[in-house]
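Summary of the model geometry
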Amino acid sequence: MTDKNPRYGHVAVFGLPNAGKSTLVNTLVGEKVSIVTPKVQTTRNRITAILTEGRAQIVLIDTPGIFEGRNQFDAQMSEAAWQSVEDCDYALLIVDAAGQDPLERHEKLLKRLPRNKSTRIALVLNKIDKLEKERVLSLISAFTALYPFADVFPLSARKAGDVHDLKKTIAMQIPEGPWAYDEDQISTLPQRFLAAEITREKIFLQTFAEIPYAIAVETELWEERDDNSLFLQQVIYVDKEKLKSILLGARGQKIKTIGQSSRIEMAKIYGRPVHLKLFVKVNPKWRDDPQFFPNRYA
Ligand SMILES: Nc1nc2c(ncn2[C@@H]2O[C@H](COP(=O)(O)OP(=O)(O)OP(=O)(O)O)[C@@H](O)[C@H]2O)c(=O)[nH]1
Ligand SMILES: [Mg+2]
């Protein structure tokens, strides 16, 4: 093996909800591919992001947080994450090191990690900006005593300067092989899906209680206009009638604010003016619609 040959492989990013998986993927790629919020279960699908580092092209798979949910949809989210761990060349377990009782909270997950020699999993202790150095060191010894991690990276996923070593290591861990994507491509996901995710992020950030978990977003129309602007029409599905009026807000004010912030971010990402029309529809069964299945992509 020489460093002159191209490398290509898949790296799964997995862990408990809210650990900072999507933040890490975005920082590694240097662009916002996956949405991030302070709420748990933000990511619902496997999200692919492409990182081209030197001669290596790495397909990063951001995954939904692993948790014991109450319904089949929740179970599918966790299974999509485990599937990615099985299918990848190298996996990163992201742990919120600043969260409560990190070791106890990971007991079950650590037991389920594959223990064959061919699966290499690295431990990423995240959010160390909130911790004392001694605490970080004691967590490293506690976690590595329970599982033979291939590597350990204590870092803050929010800081680009912290992920340098991780990037270099990943690039060496994937096999030699030809690249599958252009150097400047950052995701394999359809634009319509990514645009729906932006609106879903704004709903997560601007609503409370059950609403973020009661909705799904679909981009119904994506139109490139002659004046270089984009015209997008999106539908927000809510699973209960009574939530529709909460989401709309008094005189439609809530949905207007959500639409505004989504449109502003889209215009920034796409580098052109965006017209965004949002509709709210009640569909108690949106979770049965294959377009929203957690394992739809990647
Ligand atoms: N202080 C601090 N906060 C972080 C760091 N990384 C992520 N966060 C915050 O942690 C929260 C969750 O981040 P996400 O990236 O959405 O976490 P996730 O693991 O993808 O969450 P799910 O998709 O819900 O499973 C957000 O508020 C982030 O800003 C970090 O290094 N330090
Ligand atoms: Mg996420």
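An account of the accompanying structure is given in this report. (Residues numbered from 1 in each chain as written. Chains lettered and ligands numbered in written order. Predicted model: local features only at pLDDT ≥ 70, side-chain atom pairs only at ≥ 80, totals over all residues. Heavy atoms only, no water.)

1. Details of the side chain of T27
Here T27 is to be found in helix α1 (residues 21-29). On the accessibility criterion, T27 (15% relative accessible area) is buried. Non-local contacts of T27, meaning those with residues more than four positions away in its chain, are made with A157, R158, K159, A160 and V163. (Helix = DSSP H or I, 4+ residues; strand = E, 2+ residues; numbered from the N terminus. Buried < 20%, exposed > 50% of the residue type's maximum accessible area, 1.4 Å probe, protein only. Contact = heavy atoms within 4.5 Å.)

2. Observations concerning the nonpolar core
In terms of nonpolar packing, the biggest core is built from 30 residues, with L24, I58, L60, L92 and L166 touching the most fellow members. Every element with two or more residues in this core is listed here: β1 (7-15), α1, β2 (47-53), β3 (56-62), β4 (90-96), β5 (121-126) and α6 (164-173). For this core, the leading source of residues is α1, giving four residues. Residues in contact with L166, not counting those within four places in the same chain, are L24, L28, L92, V124, F153 and L155. Formed by 24 residues, the second largest nonpolar core is a distinct cluster that contains F14, V95, L110 and V136. (Core = buried A, V, L, I, M, F, W, Y, C linked by side-chain atoms within 4.5 Å.)

3. A closer look at the sheet that holds strand β7 (residues 215-224)
Judged by pairing direction, the sheet is mixed, and its three strands sit side by side in the order β7-β8-β9 without closing on themselves. Either end of the sheet is taken by a strand with one partner, and the two such strands are β7 and β9 (274-282). Within the sheet, the average angular offset between the axes of one strand and its neighbour, ignoring direction, is 20°. Here strand β8 (residues 230-238) pairs with β9 via nine bridges, running parallel. Within β9, the residue paired with F231 across the bridge is H275. Packed on one face of the sheet, helix α9 (residues 241-248) meets β7, β8 and β9 and runs near 150° to β9. (Pairing = 2+ DSSP bridges. Axes fitted to C-alpha atoms, helices over the stretch in contact; angles between N-to-C directions.)

4. Topic: the sheet that holds β5
Read across the sheet, six strands follow the order β2-β3-β1-β4-β5-β6 without closing on themselves; strand pairing throughout is mixed. A strand with exactly one partner marks an edge of an open sheet, and here the two such strands are β2 and β6 (152-154). Going from strand to strand, the sheet's axes swing by 25° on average, the running direction of each strand aside. In this structure, β2 lies alongside β3, joined through seven bridges in antiparallel fashion. Considered in β3, the bridge of T48 is made with I61. Across the sheet, α1 touches β1, β2, β3, β4 and β5, and the angle it forms with β3 is around 160°. Across the face of the sheet, α6 comes into contact with β1, β2, β3, β4, β5 and β6 while running at roughly 155° to β4.

5. Points about the packing of helix α7 (residues 191-206) against helix α10 (residues 253-270)
Axis separation between α7 and α10 bottoms out at 9 Å; the angle between their running directions is 135°. The angle between α7 and α10 falls in the class oblique. As α7 packs across α10, the resulting crossing turns out to be right-handed. Side by side, α7 and α10 meet where Q191, A195, I198, T199, E201, K202, I203 and Q206 of the first sit next to K254, T257, I258, S261, S262, E265, M266, I269 and Y270 of the second. Classifying every residue of the contact of α7 with α10 by side-chain character gives seven nonpolar, six polar and four charged. (Parallel < 35°, antiparallel > 145°, perpendicular 65-115°, else oblique. Left-handed = near helix turned anticlockwise from the far one by under 90°. Nonpolar A, V, L, I, M, F, W, Y, C, P; charged D, E, K, R; others polar.)

6. Quick notes on the coordination of the magnesium ion (ligand 2)
Around the magnesium ion (ligand 2), the protein contributes the donor atoms S22 (OG) and T43 (OG1), at 2.0 to 2.1 Å from the metal centre. Of this pair, S22 sits in helix α1 while T43 sits in the loop between α1 and β2; the two residues are 21 residues apart in sequence, bridging distant segments of the chain. On the basis of relative accessible area, T43 is assigned to the buried category, the value being 7%. (Donors = N, O, S within 2.8 Å, 3.2 Å for Na, K, Ca; no water.)

7. Re the site of ligand 1
In the region of ligand 1, 23 residues are neighbours, and K21, T23, T42, D129 and S156 sit closest. A19 has a polar backbone atom sitting 3.0 Å from an oxygen atom of ligand 1. Out of a free accessible area of 650 Å², ligand 1 has 93% covered by protein chains. A total of three residues in the shell around ligand 1 trace back to one element, the largest contributor, which is α1. (Near = heavy atom within 4 Å. Polar contact = N/O pair within 3.5 Å; in protein donor to acceptor, adjacent residues only side chain to side chain. Areas by Shrake-Rupley, 256 points an atom, 1.4 Å probe, with all protein chains shown as cover.)

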